[in-house]
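The lines below spell out each chain.
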Amino acid sequence: MSWNCQFDIPGEINLRALIRNLQELVPCSVESENSLSRTFYDTYDWRLYASGRVMEELRINKNTATTYLRPLNRTTAQACATTTGQPIRFLCDLPQHDMRDRLAPIIEMRALLPVARMRCRVTSLRLLDKIEKTVAYLDLEENRLASASGRHRGDIIRRASVVPVKGYVADARRLARLLSENMGLERAGSDMLITALAAIGRKPGDYSSKVDVQLDPHAHADVAGKVVLRRLLEIMQANENGIRQNIDSEFLHDFRVAVRRTRSALGQFKRVFPERAVNRYLRDFQWLQQDTGPARDMDVYLLNFATYQSLVEPSLRPALAPLQKFLRQNRDTQYRRLTRALDSVRYNKLITDWQAFLDKPSPGTSTLKNATRPVVDVASERIWRLFRRAIKTGGAISDDSPAQELHELRKTCKKLRYMVEFSQSMYPQGDIKKLVAALKQLQNNLGDFNDYQVQSDVLQQFSEKIHARGTDGPQTLMAIGNLVAALRHKRESAREAFYSHYRKFARPRVAARFQRLFRHAANGSRDDNMQ
Amino acid sequence: MKVLASYNIKGGVGKTSTAVNLGYLAAREGARVLVWDLDPQGAASFYFRVKPKIKGGSKRLLRRKREILDTIKGTDYRNLDLLPADFSNRNLELVLDHGNKRRRGLRKIIKPLRDHYDFLIIDCAPSISLVSENVFDISDALLVPTIPTTLSLRTLSTLIDFRVKHGLSDVQLLPFFSMVDRRKNLHRLIVERPPKKLSMMLDSYIPFASEVEKMGVRRAPLATYAGHSRAAAAFEQLWDEVKSNLEKPRD
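Rules used in this analysis
- Residues numbered from 1 in each chain as written.
- Chains lettered and ligands numbered in written order.
- Predicted model: local features only at pLDDT ≥ 70, side-chain atom pairs only at ≥ 80, totals over all residues.
- Heavy atoms only, no water.
- Helix = DSSP H or I, 4+ residues; strand = E, 2+ residues; numbered from the N terminus.
- Buried < 20%, exposed > 50% of the residue type's maximum accessible area, 1.4 Å probe, protein only.
- Contact = heavy atoms within 4.5 Å.
- Areas by Shrake-Rupley, 256 points an atom, 1.4 Å probe, with all protein chains shown as cover.
- Lys, Arg positive; Asp, Glu negative; His and termini not counted.
- Charge placed at Lys NZ, Arg CZ, Asp CG, Glu CD.
- Domains from an automatic or database assignment.
- Buried area = accessible area lost by both parts, 1.4 Å probe.
- Salt bridge = Lys/Arg side-chain N within 4 Å of Asp/Glu carboxyl O.
- Polar contact = N/O pair within 3.5 Å; in protein donor to acceptor, adjacent residues only side chain to side chain.
- Nonpolar A, V, L, I, M, F, W, Y, C, P; charged D, E, K, R; others polar.
- pLDDT = per-residue confidence, 0-100.
- Phe/Tyr/Trp six-rings, centres within 6.5 Å; stacked < 30°, edge-to-face > 60°.
- Lys NZ or Arg CZ within 6 Å of the ring centre and 35° of its normal.

## Observations regarding the overall build of chain A
Link 1 in the chain: Counting its regular elements, chain A contains 16 helices and nine strands.
Link 2 in the chain: Overall, the C-alpha framework of chain A stretches about 85 × 65 × 50 Å when taken along its three principal axes.
Link 3 in the chain: Considering chain A as a whole, with its 531 residues, one finds that 49% of them fall into the buried category.
Link 4 in the chain: Taking all contacts inside chain A whose residues are at least 6 apart in sequence as the whole, residues at least 24 apart take part in 71%.
Link 5 in the chain: Surface summary for chain A: the accessible area is close to 25,100 Å², and the carbon and sulfur share equals 49%.
Link 6 in the chain: Of the side-chain charges in chain A, 85 are positive and 59 negative, and the distance between the mean point of each set is 3 Å.

## Quick notes on the domain arrangement of chain A
Residue and element names in this part refer to chain A.
Link 1 in the chain: As far as domains go, chain A holds domain 1 (6–199) and domain 2 (221–360 + 374–521).
Link 2 in the chain: The C-alpha centroid of domain 2 is placed 42 Å from the C-alpha centroid of domain 1.
Link 3 in the chain: Facing seven residues of domain 1, the contacting portion of domain 2 comprises nine residues.
Link 4 in the chain: Note on domain 1 versus domain 2: buried area summed over both sides is about 680 Å², and carbon and sulfur give 58% of it.
Link 5 in the chain: Of all residues in domain 1, the largest losses of buried area upon contact with domain 2 belong to Tyr44, Met109 and Arg110, amounting jointly to 68% of the total for that side.
Link 6 in the chain: A salt bridge links Arg110 to Asp248; the nearest nitrogen and oxygen atoms lie 3.1 Å apart.
Link 7 in the chain: Our enumeration of links across domain 1 and domain 2 arrives at three residue pairs in polar contact (both at pLDDT 80 or more).
Link 8 in the chain: Classifying every residue of the side of domain 1 that touches domain 2 gives five nonpolar, no polar and two charged.

## What about the side chain of Ser204(B)?
Residue and element names in this part refer to chain B.
Link 1 in the chain: Within the fold, Ser204 resides in the loop between helix H9 (185–192) and strand S8 (205–207).
Link 2 in the chain: Owing to a relative accessible area of 2%, Ser204 belongs among the buried residues under this scheme.
Link 3 in the chain: Within the structure, the side chain of Ser204 is placed 2.3 Å from the side chain of Glu241, a separation counted as a polar contact.

## Details of the confidence of the model for chain A
Link 1 in the chain: Considering every residue of chain A, the mean pLDDT works out to 90; 95% of them sit at 70 or more.
Link 2 in the chain: Contacts of residues 524–531 of chain A to residues separated by more than four positions or lying in other chains number 24 contacts, the stretch itself having pLDDT below 50.

## What to know about the packing of aromatic side chains
Link 1 in the chain: Summed over all chains, the structure comprises 26 aromatic pairs over all chains.
Link 2 in the chain: Ring plane angle 45 degrees and centroid distance 5.8 Å describe the contact between Phe514(A) and Phe518(A), whose orientation is recorded as tilted. With a gap of four residues between them, Phe514(A) and Phe518(A) both fall in helix H16 (residues 508–522), about one helical turn apart.
Link 3 in the chain: Look at Phe514(A) and you get buried, because its relative accessible area is 0%.
Link 4 in the chain: Given a relative accessible area of 0%, Phe518(A) falls into the buried group.
Link 5 in the chain: Aromatic rings pair up to connect Trp384(A), Phe387(A), Tyr427(A), Phe505(A), Phe514(A) and Phe518(A) into one cluster.
Link 6 in the chain: Looking at Arg331(A), its charged tip hangs above the ring of Tyr335(A), at a distance of 4.0 Å from the centre.
Link 7 in the chain: One residue, Arg78(B), lies across the ring of Tyr137(A), its end atom 3.8 Å from the ring centre.

Structure representation (C-alpha cells):
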C-alpha cells in the first residue's frame, strides 16, 4: 500500500473510548489483545535500513516469536517467519521460507543485532463487511521503550496502524479516512523504528565503513590529512568491540581495511607529516595489519566454503568436512590471539599516541614541503602519479610476466583507489563515481587472480597439515586436491581476463578523465579542479 | 513455492475442507499461503466469506499476464489469501484447450505467484480432465482424500494408473483416508489394512465428525472454532505428515 497508514494517538485519548467510538461508526470487532516484546533488528552497518526495510520481532513469550520484514513507513509485511526459542542472529537461524531468500542478498554474512527494544500492548481490531468478513485490520499499540537490560524507561508511544487486506484496499482507505477525519488522529511523522531510535538517542546509519569526509580543497594538507586519518581511527574503534565479542566476520574486515587505508594515507601524503612520526606509525600499523591477518584469512576461507564445495565433484563434497572443521578450529585460535593483540600494551599505546598525534593542532607553518600546501594540490599530484604508475606497470604486463608484476599493479591500484576515495569530496561526484567504477573492475580481476593464487597454495598446505594430524581419509586429500586444481584453473581464467579488464581501464576516455581532474594541479594550476 | 492440490475424481470426499484447513495451518505457522478455489461450486470461497466471482472470469485470468495477482483476496487470517472461484471455471477446459502446450497452460499463470507465497493449495473440482492434467503439471503433490469404501479405492486405483500412463510421476501422490467412521466395520477394516497397491497411503486420517461439517455454518477453518477436537488434531497430524513428505528427497 503506497500511503502511510500509521497514526499517532495523543495521550489524552483513551483507547477504550476510541474503540467504542469506532464501533459506533463502523462494524468492527476486537480480534486479540496481546502483550509482547518488540525488537527491531539490523546489521551493525544498517544494511536493512539502507535498503528501505525494517525487521521487527514480536515475541509473545520465551518460546514463540514472529519476525516481520516490511518496507520502511509501511504496515504490510513483505515476509514473516515464526521462530521458536533463540533470537535470530544469522540467515541460517531463519526457517526456510522466502524471508531468508529476501534477506540473503542484503545482509549476506552479517549478524542481525537488536537496535531497539520495546514492551508493547497491541489491541487488534477487524473491520468487517456485511457478511462479517474481515476487510481491514486496525492495530492499536502502546509501546514503551526498554533499555538494553530490558528495564523499562521512556515515554509511551501510542500508534494506530491500518493494515489492509488484499483485494479490499478501498475499505482500508475508508478506515484511515475515518481515523483522520472523524476521530481527529494525525498521521505519524516517522516509522516506529525511527521514533524508537530517536528516543534512545540513536540515528539509523550511525555506523558506516565509508570514509565519507568533507574536505575543504584550500585546507592545508596536514590539517585535511588528519581529518581523513581521524575518520579511519573512528572506524577502527567502532569495530573493536565487535571483534572482541566475535559477532561476525565483518568487524575485523572493516577494522583491517581502516588500518590498511591508514597506512596507505600515511605513505601517500609524503612530506606532509614529520618523517619520524610517519615511520613510527607506519611500522606499528604494519604490525597491527600482520597480527590481524591470520584471523581474517580464516574468516575468508570459511565464508568461501560454500563456493569451495561447489567447485569439487559432488561425490567428494562430504569429504571436505575435515577441512571445514580445521578452519573453524584455526579461526577460534586466531581470534583468541587477535583479542590478545587488542589487549596488548603495544596496541593500546599505539592507539593512545595516534589519537594524541591526530588531536594535536597543526602548526600552520612547516618546513615540510607539502604540509601547508592546499590539500587538493597534494591529492591531485599523488592521484595523477599513481594513475601513471598503474598505466606503466599494467601496460608492461605480458603473458611472460611473473605473478609478482600483477601483484605490484594490484597494490598500486589499491593505493590509487584509496586516494581517490579520501579526496572524493573535492571533485565532481559524477566523475569520481565513473573513475571508481572503472578502477573497481580492474581491481576485482587482480584481486581474484591474487586470491586464487594464495588460496590454492594455502589450501595445499592445510591439506598437508590435516593429513599429518591423521584425522582424514584419502577422500579428503582427494577433495582438497580437486579444489586446489579448480582454484588454479580459475586463477588462469582470471589471468586471461586481465588484458581485457586492463584495456578497459586504460582506455582513452578514462585516462582523459583522470588527466582533466588531476593533472592540472599536479602542474601547479588548481582552480578548475574544484567544485 | 510448493504447490499442493487437493484432488479426487469423486466429489464429496473432503477436498475443500482439506484445502481450507491445511491452508490455515500452514499460514498459522508463518508461511504465506494462497488457496486457489478452482471448483466452480466455490465452496472454499464460501468458507472464507469471499464472493465467488472474478472480474472478467477465468478467461481473463488465464489470458492476461499478472492478472492473477490483482484477483487475490485476503481472508480473515493474516498470511492466508484466496484466489476466489468463478462460475466460469466450469469452462476452464475450453480456455486451456488451445495450442500445443495445452497441458502446461497453468504453468505460466502461476509464475507471478512464486515470489509472493510459500504454498499454493489448489482446491480442485471433482473430475479427470484437461484441467486436472494442468493441475498435475504444476503440483508438487496431490493430496487425495479418500473415503474407505470399495468404490473410492477403485477410483484411487484409477488415478494411480492414470498418473503412470500419462507420465505424470513427477507429482507426488499423497492419498489419505477421509471421513472415516470408526463405527463402520468396512471403514475400520480398510483403514487398518489398506490394499497393497496403496502403500503410499499416509498414516494420518481424518475422522468423520460433525465439527468438520459445521465449517459451512461457521464459515471458518476448523481450528478456529474447534481447536481441541479430534478432527482438528487429525488435520494437524496430516499437515505434519504432508510437510515431512514434501521435504523427503525424491528419486
